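Observations on chain architecture
Residues per chain, in single letters:
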Amino acid sequence: MNKMIYDFTTHSLYYENEDIDVPTFSLAIDTLEMVFEVETGKLMRVQGFFPIIRAVSCNIDIPEWEEGDYLINNIDFSACKQNEIYDLIQKDPQTKKYFEKFVTKFDKEKGIIQIGEEMKEGDVGIKVNKNIMCGFDENSNLKCLYIVPTEFVL
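So, here is what we can say about the structure in this document.

Calculation rules
- Note that residues are indexed from 1 along each chain, following the sequence as it is written.
- Per-residue local features are limited, in this predicted model, to residues with pLDDT of at least 70; the limit for side-chain atom pairs, both in listing and counting, is 80 or more; totals at the level of whole chains, interfaces and linings are taken over all residues.
- With hydrogens and water excluded, all non-hydrogen atoms of the structure serve as input to the side-chain values.
- Working definition: a ring pair exists when centres of Phe, Tyr or Trp rings (six-membered ring for Trp) sit within 6.5 Å. Plane angles under 30 degrees give stacked, over 60 give edge-to-face, the rest tilted.
- For every residue, the accessible area (1.4 Å probe, protein chains only) is compared with the maximum for its type, and the residue is labelled buried under 20%, exposed over 50%, or partly exposed between those bounds.
- Here, a charge over a ring means that NZ of Lys or CZ of Arg falls within 6 Å of the ring centre while also lying within 35 degrees of the ring normal.
- For this analysis, a salt bridge means a side-chain nitrogen from Lys or Arg found within 4 Å of a carboxyl oxygen belonging to Asp or Glu.
- Segments assigned H or I by DSSP are reported as helices when at least four residues long, segments assigned E as strands when at least two residues long, and all are numbered from the N terminus.
- At least two bridges found by DSSP between two strands is the condition for calling them paired.

This next bit is on the packing of aromatic side chains. Per the counting criterion, the structure on display carries 11 aromatic pairs. A centroid spacing of 6.3 Å and a plane angle of 70° characterise the contact between Phe99 and Phe102, whose relative ring orientation is edge-to-face. Of the two residues, Phe99 and Phe102, neither departs from the other in class, the shared state being buried. Over the ring of Tyr86 we find Lys91; its NZ or CZ atom is 4.6 Å from the centre of that ring.

As structure tokens, then:
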């Protein structure tokens, strides 16, 4: 698996190697890109300029998760063009309550970054891979992301 790296000098989240060989498009949460496969709507990675220097420093416990893929089901991704970046809230207005004015949290001890709302009883979580976990509300709307970079560069 390709290493996910958070670089404090450039405030960016990226991967060691560009290993996606399928057409993709992105949905942006502020400056963070969620990269999806064009054909299937499957989340492939998260990346981008993402300063966490102002993140709330706190303990983050990752809730229970199921292993699986995050497939977009609340938007028509067939209208998304290869290599284009779209605003998540514009494409899926139901996420506005979670991501319009979100707080970034960072657990320095565990190396976990959280954006969006806290998971609560009844919410569903999917662990996409060792670096990305997505949380959904009772209506299957994306409500949070837990990002666990493999490496931090100071």
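Turning our attention to the pattern of salt bridges. For the structure shown, the criterion picks out eight salt bridges. With a shortest N-O distance of 2.7 Å, Asp123 and Lys143 are connected by a salt bridge. Within this pair, whereas Asp123 is found in the loop between β10 (112–116) and β11 (124–127), its partner Lys143 is found in strand β13 (residues 142–147), the two being separated by 20 residues in sequence. Residue class for Asp123 comes out buried when judged on its relative accessible area of 13%.

Next up on the list: unusual backbone geometry. Keep in mind that most residues, glycine aside, have a negative phi and that most peptide bonds are trans. For Asn83, which is not glycine, the phi torsion reads 65° and is therefore positive. Residue Asn83 is classed as exposed on the basis of its relative accessible area of 59%. In the Ramachandran plot, Ser140 falls in the positive-phi region, its phi being about 65° despite a non-glycine side chain. Mapped onto the secondary structure, Ser140 falls in the loop between β12 (132–136) and β13. For Ser140, a relative accessible area of 37% gives the class partly exposed.

This paragraph deals with the environment of Glu64. On the secondary structure map, Glu64 appears in the loop between β6 (56–57) and β7 (66–67). Using a relative accessible area of 75% as the deciding quantity, one classes Glu64 as exposed.

Taking strand neighbours across the sheet as the criterion, the seven strands line up as β6-β9-β10-β13-β12-β11-β7 in an open arrangement whose pairing is mixed. Taken across any chain shown, the strands that pair with only one partner, and hence form the sheet edges, are β6 and β7. In the sheet, β12 pairs with β13 via five bridges, with the strands oriented antiparallel. Residue pairing across strands places Ile132 opposite Ile147, the latter belonging to β13.

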